[in-house]
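Read off the chains here:
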Amino acid sequence: MTDAITAERATRGPVRSVAVDYDGADDGMIGSARDATADFLTASAEGQGPQVSRACVDLARLVVSELVTNVVRHAPGPCRLLLELFEDALEISVFDRAETSPVPRGHDPGRIGQHGVEILVAVCESVSVEPLPSGKRVRARLLLT
């Protein structure tokens, strides 16, 4: 029983979070999601949470852009962007209604496009796909340092 209590206390929730729902996937959603991410992290840097460097904001915008672009291209329909800011990391989740997972492709510098998963794996601490009853959640964890 003590171990369960200790483990629960060690798992801290986010300091701040925000969710943005989109009715349908279109190209305007990508820019909107990038802007929402920058606004969220800038507000945190202004004293409402952990300090986030400009470089980290730019990297978070890139990760969001890749995740949301995948939705626009492969999972048209409603989706949700969830940003959860922890003391040491930002978790970026995108929920959509498609059941298929993003597929990492082998490194190919001659290939035009389709490098999204490759970029996510390179810059994030972790990337996971969680199946849901009506779609999936793609979660990327980006360290703040």
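Residues numbered from 1 in each chain as written. Predicted model: local features only at pLDDT ≥ 70, side-chain atom pairs only at ≥ 80, totals over all residues. Heavy atoms only, no water.

Topic: the confidence of the model for the protein chain
(1) Moving on: Taken over all residues, the pLDDT of the protein chain has a mean of 84, while the share at 70 or more is 81%.
(2) Moving on: Below a pLDDT of 50 lies the segment residues 1-9, which in the model reaches zero contacts outside its immediate sequence neighbourhood of four places, other chains included. (pLDDT = per-residue confidence, 0-100. Contact = heavy atoms within 4.5 Å.)

Quick look at the nonpolar core
(1) Moving on: One finds L41, L67, V68, L81, L90 and I92 to be the most contacted residues of the largest nonpolar core, which totals 32 residues.
(2) Moving on: Within the residue set of this core, elements represented by two or more residues are α2 (27-48), α3 (54-74), β2 (79-85), β3 (89-96) and β5 (135-143).
(3) Moving on: The element contributing the most residues to this core is α3, with nine residues.
(4) Moving on: If we ignore the near neighbours within four places in the chain, the residues touching L90 are F40, L41, A60, L83, E84, L85, A140, R141, L142 and L144. (Core = buried A, V, L, I, M, F, W, Y, C linked by side-chain atoms within 4.5 Å. Buried < 20%, exposed > 50% of the residue type's maximum accessible area, 1.4 Å probe, protein only. Helix = DSSP H or I, 4+ residues; strand = E, 2+ residues; numbered from the N terminus.)

Topic: the environment of V15
(1) Moving on: On the secondary structure map, V15 appears in the loop between α1 (2-10) and β1 (16-22).
(2) Moving on: Residue V15 is classed as partly exposed on the basis of its relative accessible area, which comes to 38%.
(3) Moving on: It is 5.3 Å that separates the C-alpha atoms of V15 and F86, two residues lying 71 residues apart in sequence.

What about the pattern of salt bridges?
(1) Moving on: Inspection of every chain in the model, using the stated rule, returns ten salt bridges.
(2) Moving on: A salt bridge links R54 to D58; the shortest N-O distance between them is 3.1 Å. Of this pair, R54 and D58 both sit in helix α3, four residues apart, roughly one helical turn.
(3) Moving on: By relative accessible area, which is 51% here, R54 ends up exposed.
(4) Moving on: With a relative accessible area of 40%, D58 lands in the partly exposed category. (Salt bridge = Lys/Arg side-chain N within 4 Å of Asp/Glu carboxyl O.)

Notes on the state of the cysteines
(1) Moving on: Tallied over the full model, the rule gives zero disulfides.
(2) Moving on: We note that C56 lacks a disulfide partner, and the nearest cysteine sulfur, in C124, lies 10.0 Å from it. (Disulfide = S-S within 2.5 Å.)

Description of the sheet that holds strand β4 (residues 126-132)
(1) Moving on: With antiparallel pairing, the five strands of this open sheet are ordered in space as β1-β2-β3-β5-β4. Unpaired on one side and paired on the other, β1 and β4 mark the two borders of the sheet. Across the sheet, the mean angle from the axis of one strand to that of its neighbour is 15°, orientation sign disregarded.
(2) Moving on: Pairing of β1 with β2, which is carried by seven bridges, proceeds in the antiparallel orientation. Bridge pairing in β2 links Y22 to C79.
(3) Moving on: α3 contacts β2, β3 and β5 of the sheet and is inclined by roughly 15° relative to β3. (Pairing = 2+ DSSP bridges. Axes fitted to C-alpha atoms, helices over the stretch in contact; angles between N-to-C directions.)

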